[in-house]
Every structure is written in structure tokens, then in C-alpha cells.
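Letter by letter, the chains look like this.
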Amino acid sequence: MKILLTGASGQVGYELQRSLQGLGEVIAVDRARMDLSDLGQVREVIRAVKPGLIVNPAAYTAVDKAESEPDLARRINAEAPAVMAEEARRLGAAMVHYSTDYVFDGGKAGGYVETDPTNPLNVYGATKLEGEQAVAAAGIPHLILRTSWVYGLRGKNFLLTMLRLAGERDELRVVCDQHGAPTWCRTVADSTALVLAQGRATVVSDLEHQADLPGDAIVRAEVTDETGELTRAILRLAGDPAARARLGSRAAEHVRSAHSATRVRDAWRDALEKAHRL
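Here's a quick rundown of the structure. Throughout, a residue's number is its position along its own chain's written sequence, starting from 1. Predicted model: local features are reported for residues with pLDDT of at least 70 only, side-chain atom pairs are reported and counted for 80 or more only, and whole-chain, interface and lining totals are derived from all residues. For the side-chain quantities, the full set of heavy atoms in the structure was used; hydrogens and water were omitted.

Across its full length, the protein chain carries 8 helices and 13 strands. Per-residue burial over the protein chain gives 49% buried out of 278 residues. Every residue pair with non-hydrogen atoms within 4.5 Å of one another is taken to be in contact. Partitioning the intrachain contacts of the protein chain with sequence separation of at least 6 by distance along the chain shows that 77% fall at a separation of at least 24. We get accessible surface area from the Shrake-Rupley algorithm with a probe of 1.4 Å; when it comes to residues, only the shown protein chains can shield them. As presented, the protein chain carries roughly 12300 Å² of accessible surface, and 46% of it is formed by carbon and sulfur atoms. Here a strand is any run of E in DSSP of at least two residues, a helix any run of H or I of at least four, and the numbering for each starts at the N terminus. Residue burial is assigned from relative accessible area. The probe radius is 1.4 Å, only protein chains are included, and a residue is buried under 20% of its type maximum, exposed over 50%, and partly exposed in between.

Okay, the pairing of strand 3 (residues 53–56) next. With burial as the criterion, each face of strand 3 is covered, one bearing L53 and V55 and the other bearing I54 and N56. Both strand 1 (residues 2–5) and strand 3 contribute to a ladder of 3 bridges, which runs parallel. Each bridged residue has a counterpart across the sheet, and for L5 the counterpart in strand 3 is V55. Paired strands, in this sense, are two strands between which DSSP finds at least two bridges. As paired strands, strand 3 and strand 4 (residues 94–100) are joined by 4 bridges and run parallel to one another. Pairing of N56 across the sheet is with H97, part of strand 4. By the criterion used throughout, a crossover qualifies as right-handed when its path from the first strand across the helix to the second strand runs clockwise, the strands pointing away from the viewer. You can see the chain leave strand 3, run along helix 3 (residues 70–91) and come back into strand 4, and the turn it takes is right-handed.

Take the packing of helix 1 (residues 11–19) against helix 6 (residues 185–197) next. Two elements in contact, helix 1 and helix 6, have axes whose closest approach is 8 Å; the angle formed by their N-to-C orientations is 45°. In terms of their interaxial angle, helix 1 and helix 6 are classed as oblique. Once helix 1 is placed against helix 6, the crossing between them reads as right-handed. Contact residues: Q11, V12, E15, L16, R18 and S19 in helix 1; C185, R186, V188, A189, D190, T192 and A193 in helix 6. Its residues assigned to classes, the contact of helix 1 with helix 6 shows 6 nonpolar, 3 polar and 4 charged. Note on geometry: axes are C-alpha line fits, over the in-contact stretch for helices, and angles between N-to-C directions span 0 to 180 degrees. We call two directions roughly parallel when the angle between them is under 35 degrees, roughly antiparallel when it is over 145, roughly perpendicular when it lies between 65 and 115, and oblique otherwise. Two helices that cross are described as forming a left-handed crossing if the nearer one is turned anticlockwise from the farther one by less than a right angle, and a right-handed crossing if clockwise. Gly falls in the polar group here, along with every residue not listed as nonpolar (Ala, Val, Leu, Ile, Met, Phe, Trp, Tyr, Cys, Pro) or charged (Asp, Glu, Lys, Arg).

The geometry of helix 2 (residues 39–49) relative to helix 3 is characterised by a closest axis approach of 10 Å and an angle of 30° between their N-to-C directions. Looking at the two axes, helix 2 sits roughly parallel to helix 3. Judged by the sense of rotation from one axis to the other, the crossing of helix 2 with helix 3 is right-handed. Between helix 2, through L39, V42, R43, I46 and R47, and helix 3, the contact on the second element is made entirely by R75, E79, A80, V83, M84, E86, E87, R90 and L91. Class assignment for the residues of the contact of helix 2 with helix 3 results in 7 nonpolar, no polar and 7 charged.

The subject of this paragraph is the packing of aromatic side chains. The aromatic pairing rule takes the rings of Phe, Tyr and Trp, using the six-membered ring of Trp, and pairs them if the centres are within 6.5 Å, calling planes under 30 degrees apart stacked, those over 60 edge-to-face and the rest tilted. Following the criterion strictly, the structure yields 1 aromatic pair and no others. Taking 5.4 Å as the distance between ring centres and 75° as the angle between the ring planes, the aromatic pair formed by Y102 and Y124 counts as edge-to-face. With Y102 in the loop between strand 4 and helix 4 (123–137) and Y124 in helix 4, this pair connects stretches of sequence that are 22 residues apart.

So, about helix 1. Residues of helix 1 that are buried: Q11, V12, G13, E15, L16 and S19. In this structure, the buried residues of helix 1 make contact with strand 1, strand 3, strand 4, strand 6 (150–151) and helix 6.

Now the structure itself:
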């Protein structure tokens, strides 16, 4: 079976190239080969590859910038996944799609579960929710994975930013009023492959029996965290036992995004140490 993987140069996409090996022939494409802002190109690539499974971690992820580029964010996060799902239906293929904690408003006191009502507060969250809905409505076997606070050793993320600043400054000022679940991109990729391989999605060998795709799930770290504690943990890994972070707070629209991952989860401190050792 051919597996079409988008966003191959991104954090999760890069890890998926390794994790999906053995499940099929992985055809990984980056923006140069399949630009999600070009819907015609998205169709052309899918029709040329003819995959049995589409795995789509590619997205517009600049949360603040999306407010000034809503049309571009919607095209990449909502319209492109809709096209992928439409083409998957035409081919009789399945789809794995990645979403975000930003589909929630952050107002829940406890951890979010898959069935909680969505209420995005910004353009990024709204467009990602539209993408989820388009995939779910397409009538195809699908899996939607919501992630939060994804980090790794590639691209731009909180881990790399804190490690860089720790080497440049004597003291860091970090907000501590945001709560979430730090999730290693390798955890996301390995969890995806595990779900597919364990038979909850039987796309590997028999496309006629895909009805047991779970539909949606949350993949995240096991323990809810705040930005302050995450910063301290990173600084300790960087060789700063005193964890020289001055913590403050700020008014933020989306301050609590902790997922209660009952289906797929990992211990965030263990994953953070593993990532740092690579």
C-alpha cells in the first residue's frame, strides 16, 4: 500500500517518515512538491500517487500571523484537508489528519477529552476545526489526532527556543499562567504508527475492513504542565540546576489546553529527556 505523507520537512512529518516504515510504501512530500495553498496541486499529487492512506501533518501553524492571513490559514488548514478527504473518498483510501488543542477555548477546569465541545478563540483554531470537520464529513475511514505543545529538535518550538536563550542570557522571563501538555514530535509519530499497526486501523493489508478507524483521539503527554515548570525542566537539561527563569503571568485568551488523553499518551518529562539526549 502506498502512504502519501505531507509536510515531510516539519517536526512531525520528519518523524513520521521513520515511524511509518513497514506499514507501506511511504511517499513523503514537502511544500516544494505539494504546497497546501495550491489546491490544484494537492489534487494532482494525490491522483498521481494514488495512495491507500493519506497522512497529513502539514498545516499553517503561525497562530498570531493567522489573524492577519485568515484566507491563507483557511486554505491550508481547512480547504486542503477537505480536498485530500475528497480525493481519498474517490480512491477508496483512508486518512490520518492532525489537529490542535486550539479547537478548545481553554476554559475547562480539567483536562479535555475527545468528546468535549469545541470553541476556538482565534483564526488558527477555527481553521483547524474546519479541517477536522471536513475530514470527518467526507465519509472515509479516518483518524484525527489532536496534539498540543509539540516540540523536537527541528524547526521552531519551545524546547529549542529555551535552550538557545539559556545559552545567551543570565535570566529568562517566562509566563507561567498557561497550562498544557508538552508532546515530543516522535511520540506523535510513533503513536500514529502504533494505532495503525495494532488493527484499530486495518489499512495496512486490507482496505475493505477499515471501519474500525477510531475517528478522533488526543495524543499528548501524560501529565498536565505549566509553562514555568516546563521551562525549569528544560534549563535543568541544559546544565542549569538553579533553573534561572523568572516567572510571570500575562493575560492570555488560551491559557489552559491540557488534554486528558485516555487513548494515546506519554510521560512528558521522560520524553523531554529522551529528545534532549539525541
